[in-house]
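So the chains spell out like this:
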Amino acid sequence: MQSDFFKPYNDLMTEAHIFCNHSTAKDWFYYYTNRTITNVLMDVEDQLAEVEWIEEHMWGYVYELNKSLEGYERYEMCKRVTDQANLLGQELSNMWVSLSKLNK
């Protein structure tokens, strides 16, 4: 069926649009994992490692999403996803810096 052929593409585009519409890393992380960043960061000794894990997880997700979108030659959406990832990555980096100051 023709509609089945486009389902993976439509799902990817929906996922990319959802990702790009998250205004903060907290929003994205909760949507993606159904956990809050605050809950993940409860253990003081592991806070920095958790922020790094969240950022690495996000970049892995973005890589796979862009790889799949490139298969459909949706380069403009890849750029949007990458730009959004850069914004969220900067927010996570700022969290890491703030936490590292608290751990001194």
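Residues numbered from 1 in each chain as written. Predicted model: local features only at pLDDT ≥ 70, side-chain atom pairs only at ≥ 80, totals over all residues. Heavy atoms only, no water.

**Considerations on the packing of aromatic side chains**
We apply this condition: Aromatic contacts are taken between Phe, Tyr and Trp rings whose centres are within 6.5 Å, Trp giving its six-membered ring; a plane angle under 30 degrees counts as stacked, one over 60 as edge-to-face, and the others as tilted. Helix and strand definitions here come from DSSP, where helices need a minimum of 4 consecutive H or I residues and strands a minimum of 2 consecutive E residues; each element is numbered from the N-terminal end. Only protein chains enter the accessibility calculation, which uses a 1.4 Å probe. A residue is then buried if its area is under 20% of the maximum for its type, exposed if over 50%, and partly exposed in between.
A full pass over the atoms with the stated rule returns 8 aromatic pairs. Measuring from ring centre to ring centre gives 6.2 Å for Phe29 and Trp53, while their planes differ by 85°; the resulting arrangement is edge-to-face. Of the two residues, Phe29 is situated in helix α2 (residues 25–33) and Trp53 in helix α4 (residues 47–71); the sequence distance between them amounts to 24 residues. Classification of Trp53 as partly exposed rests on a relative accessible area of 36%. Site record: aromatic cluster; members linked through ring pairs are Phe19, Trp28, Phe29, Tyr32, Trp53 and Tyr61.

**Let's talk about the nonpolar core**
Nonpolar side chains tend to gather and get buried jointly when the protein is soluble and globular. The following threshold applies: By convention a nonpolar core is built from buried Ala, Val, Leu, Ile, Met, Phe, Trp, Tyr and Cys residues, the set being connected through side-chain atoms within 4.5 Å. The contact criterion used is simple: two residues touch if any of their non-hydrogen atoms lie within 4.5 Å.
Of all hydrophobic cores here, the largest spans 24 residues; its most connected members are Phe19, Trp28, Met58, Leu69 and Val81. Elements represented by at least two residues in this core include exactly α1 (2–20), α2, α3 (37–40), α4 and α5 (75–102). Those residues in contact with Leu69, other than ones at most four positions away along the chain, are Leu12, Met13, Ala16, Arg74, Met77, Cys78 and Val81.

**With respect to the environment of Pro8**
Checked against the element boundaries, Pro8 lands in helix α1. Pro8 sits in the partly exposed class, given a relative accessible area of 41%. For the pair Pro8 and Tyr72, spaced 64 residues apart in the sequence, the C-alpha separation amounts to 9.9 Å.

**Points about the pattern of salt bridges**
Let me state the cut-off plainly: Salt bridges are defined by distance alone: a side-chain nitrogen of Lys or Arg within 4 Å of a carboxyl oxygen of Asp or Glu.
Applying the stated rule across the entire model yields 3 salt bridges. Asp11 serves as the salt-bridge partner of Lys7, at 3.0 Å between the closest nitrogen and oxygen. Note that Lys7 and Asp11 are positioned in helix α1 at a spacing of 4 residues, about one turn of the helix. The exposure class assigned to Asp11 is partly exposed, which follows from its relative accessible area of 39%. With its nearest N and O atoms 2.9 Å apart, the salt bridge here joins Lys79 to Asp83. Taken as a pair, Lys79 and Asp83 lie in helix α5 at a separation of 4 residues, close to a single helical turn. Assessed through its relative accessible area of 34%, Asp83 is described here as partly exposed.

By themselves, these observations are geometric and do not establish any function.
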